[in-house]
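Residue-level structural notes
Here is how the chains run, residue by residue.
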Amino acid sequence: MGKYIIEGKNKLSGEVFTSGAKNAVLPILASTVLNGGICVLKNVPMLLDTFVAIDILKDLGCKVDYSENTVVINSKDINKTQVKEDLVKKMRSSIIFLGALLSRFKEASISYPGGCNLGKRPIDFHLDAFKNMGINIEEDNNLIKAKTDNIKEAVINLPFKSVGATQNVILASIFVKGRVVIKNCAKEPEIIDMANFLNKLGANIKGAGTDVITITGVDKLKDFIEYEIMPDRIEAGTFLCMAAITDGNVKVKNIPPIYLKALTDVLQKIGYIIEEDKNSIAIKQGNNKNPIDFLETKPYPYFPTDLQPQIMSLLATIKGTSIIKENIFEARDKHIKELNKLGCNILTDKDMFIINGVKSLKGDTVFSKDLRGGACLICAGLFAEGKTIVEGACYINRGYENLDKKLSILGANIKYIKD
Ligand code: UD1
């Protein structure tokens, strides 16, 4: 599982460069099955999840080479349409391969991804949308088998702005005869990045980043593309929270500030000074610090659930009472017990978290149960007195590239121990 060991109380200072976005590269890697040709992806974050997606591509029959942050995929010789079960278990978002394989081969199967540490994570929106597009779905012993003679035109009304369902429907629609319209779709920047990739490849997707996306089917895609993955706004936001909790002075580079407006607004309300330019965000300490009366997570452009644990760590160290409401995932609260072990005072009332700020934290051994929960424990460890051991580093490494190295350059005392 691995662990991170942090000696707290060092102020972070300096500059840190944001890596490519995990939530953009995963759907784009799935998209590379579509063209039956070569895709060269640059600025790929080499994360555990990236390697799972690469293993899925290889298992399907793609040739995949990588060096540093460039991955080259040749999908010409895909020879199966079933995604391997043990790889689906390792990464829930592999469900995105269903839409991509269906688009190219008119059939695909994948085992049910099931729940995860964030709670139940159903895929009913994905499957209902596919059914509306004339795709036959059969479920056989935990295996979802999808098949069609023809993907049909449809208007899909998503019941909720689901990121994965929006991406899966886009992927399944690339070669539709006519048009697929997705209403109430997710607007996350990573959806725009996937649409930009696909449009550069020859697809016709309009409206990505708005509430309605229209995909007009094309006959064929190009057989070569070179594409650079967008930066990771959640990684950048995590660094801002880590800088803030140490009263540091940090410039996070390679990140358009607009992606993190919901977070920087909160940081400014607390009292931090934020300075932005076109492609970077700098943070430093202000005069006073205030708690946040109420903060809730919602789909983009509102406050992201993927930064809820990290902002909680920070608020837990700010005098007064702050309240966070988690609206996206029913069980995104596993970090609270661990934060309290370090001395935080956080109470839970269903999906409401009542955070009573404390002056100091004391290092201890804590357990990361999921990716962002793990990041929030590192954040708290940077503030705590003494040594904090964060077990379960494998979760954190799913989404942060070279976290220990990047934090060390900023002045943190952190070590990664691989078991
Ligand atoms: C993506 C992100 C994840 C982020 C989440 C919300 C990737 C790889 N992952 O996950 O980091 O936390 O968006 O911003 O991009 N739901 C259903 N039925 C469905 C689909 C979703 O009920 O068919 C529910 C989910 O259980 C959840 C909510 O809708 O409560 C949002 O899920 P969704 O936006 O689909 O998240 P993911 O795409 O899985």
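If you're wondering where the values come from, they're calculated on a predicted model, not measured in any experiment. (Residues numbered from 1 in each chain as written. Predicted model: local features only at pLDDT ≥ 70, side-chain atom pairs only at ≥ 80, totals over all residues. Heavy atoms only, no water.)

Moving on to the overall build of the protein. What the protein contains, in helices and strands, is 14 helices and 23 strands. By the compact-globule yardstick of 22 Å for 419 residues, the protein fits well, its C-alpha radius of gyration being 21 Å. Taken along its principal axes, the extent of the C-alpha atoms in the protein is 65 × 45 × 40 Å. Looking at the protein as a whole, 57% of its 419 residues qualify as buried. Considering only contacts in the protein between residues 6 or more positions apart, those separated by 24 or more positions represent 72%. In the form shown here, the protein has an accessible surface area of approximately 16,900 Å², with 48% of it arising from carbon and sulfur atoms. Taking the 56 positively charged and 49 negatively charged side chains of the protein as two groups, their mean positions are separated by 1 Å. (Helix = DSSP H or I, 4+ residues; strand = E, 2+ residues; numbered from the N terminus. Rg over C-alpha atoms; globule rule 2.2 N^0.38 Å. Buried < 20%, exposed > 50% of the residue type's maximum accessible area, 1.4 Å probe, protein only. Contact = heavy atoms within 4.5 Å. Areas by Shrake-Rupley, 256 points an atom, 1.4 Å probe, with all protein chains shown as cover. Lys, Arg positive; Asp, Glu negative; His and termini not counted. Charge placed at Lys NZ, Arg CZ, Asp CG, Glu CD.)

Let's shift gears to the domain arrangement of the protein. One frequent convention defines the size of an interface as the accessible area lost when the parts assemble. By domain assignment, the protein separates into domain 1 (3–19 + 231–417) and domain 2 (22–228). When each unit is reduced to the centre of its C-alpha atoms, the spacing between domain 1 and domain 2 is 30 Å. Contact residues are listed per partner, giving 25 residues for domain 1 and 23 residues for domain 2. Both faces considered, domain 1 and domain 2 share a buried interface measuring about 2,000 Å² in area, 53% of it formed by carbon and sulfur atoms. A per-residue breakdown of the area domain 1 buries against domain 2 is headed by Tyr300, Arg398 and Glu401, which together make up 29% of the total. We note a salt bridge from Arg233 to Glu190, for which the minimum N-O separation is 2.8 Å. When contributions to the side of domain 1 that touches domain 2 are tallied by element, the ones reaching two or more residues are helix 12 (371–383) and helix 13 (393–396). (Domains from an automatic or database assignment. Buried area = accessible area lost by both parts, 1.4 Å probe. Salt bridge = Lys/Arg side-chain N within 4 Å of Asp/Glu carboxyl O.)

The next subject is helix 8 (residues 233–245). With 13 residues, helix 8 should reach 18 Å at 1.5 Å per residue; the first-to-last C-alpha distance of 18 Å fits that figure. The distance from a side-chain oxygen at the start of helix 8 to the backbone nitrogen of Ile234 is 2.9 Å, and the residue carrying that oxygen is Asp232. Looking one or two residues beyond helix 8, the residue adopting positive phi is Asp247, at roughly 55°. (Expected span 1.5 Å × (residues − 1). Polar contact = N/O pair within 3.5 Å; in protein donor to acceptor, adjacent residues only side chain to side chain.)

Evaluation of the coordinates by the stated rule reveals 22 salt bridges. With a shortest N-O distance of 3.9 Å, Lys22 and Asp49 are connected by a salt bridge. Here the residue Lys22 occupies a position in helix 1 (residues 22–31), and Asp49 occupies one in helix 2 (residues 48–60), the gap between them amounting to 27 residues. Asp49 carries the same exposure label as Lys22, and that label is buried. Across the pair Glu275 and Lys284 runs a salt bridge whose closest N-O atoms are separated by 3.6 Å.

Looking now at the site of the ligand. Surrounding the ligand, one finds 19 residues, the nearest of these being Asp124, Phe125, Ser162, Asp306 and Ile328. About the coverage of the ligand: the protein hides 84% of its 740 Å² of free accessible area. Elements that contribute at least two residues to the shell around the ligand include exactly helix 5 (124–132) and helix 6 (163–173). The element best represented in the shell around the ligand is helix 5, accounting for three residues. (Near = heavy atom within 4 Å.)

A few words on the sheet that holds strand 11 (residues 204–206). The strand order across the open sheet built from four strands is 9-10-12-11, with neighbouring strands paired in mixed fashion. If you trace the sheet from one side to the other, it starts and ends with strand 9 (154–157) and strand 11, each paired once. Going from strand to strand, the sheet's axes swing by 15° on average, the running direction of each strand aside. Relative to strand 10 (residues 179–183), strand 9 is paired through four bridges, and the arrangement is parallel. In the sheet register, Ile156 faces strand 10, and the bridge partner there is Ile182. Packed onto the sheet, helix 6 meets strand 9, strand 10, strand 11 and strand 12 (212–216) and runs at close to 175° relative to strand 10. (Pairing = 2+ DSSP bridges. Axes fitted to C-alpha atoms, helices over the stretch in contact; angles between N-to-C directions.)

Relative to the helices and strands, Met242 resides in helix 8. Exposure remark for Met242: the relative accessible area of 0% places this residue in the buried category. Residues Met242 and Lys284, 42 residues apart in the sequence, show an inter-C-alpha distance of 11 Å. Once residues within four sequence positions are removed from consideration, Met242 is found in contact with Leu12, Ala375, Ile378, Cys379, Leu382 and Leu407.

Right, let's talk about helix 12 for a bit. For helix 12, spanning 13 residues, the distance from its first C-alpha to its last is 19 Å, which sits close to the expected 18 Å at 1.5 Å a residue. Of all the 13 residues making up helix 12, 13 are buried; the element is thus mostly covered by neighbouring parts of the structure. Measuring from the backbone nitrogen of Arg372 back to the side-chain oxygen at the start of helix 12 gives 3.4 Å, which picks out Asp370 as the cap.

Turning our eyes to something else, we now look at the nonpolar core. Residues Phe97, Met133, Ile170, Ile174, Ile182 and Leu198 are the most contacted members of the largest nonpolar core, which totals 78 residues. Discounting chain neighbours no more than four positions away, the residues touching Ile170 are Ile182, Ile191, Met194, Leu198, Ile205, Ile213 and Ile215. Met242, Leu307, Leu371 and Ala375 belong to the second-largest nonpolar core, a separate cluster that totals 66 residues. (Core = buried A, V, L, I, M, F, W, Y, C linked by side-chain atoms within 4.5 Å.)

Attention now goes to the packing of aromatic side chains. Summed over the entire model, instances satisfying the criterion amount to three aromatic pairs. Ring centres 5.4 Å apart and planes at 70° place the aromatic pair Phe51 and Tyr66 in the edge-to-face group. One end of the pair, Phe51, is in helix 2; the other, Tyr66, is in strand 4 (residues 63–67), and 15 residues separate them in sequence. Its relative accessible area of 29% is what places Phe51 among the partly exposed residues. Residue classification places Tyr66 among the partly exposed residues on the basis of a relative accessible area of 41%. (Phe/Tyr/Trp six-rings, centres within 6.5 Å; stacked < 30°, edge-to-face > 60°.)

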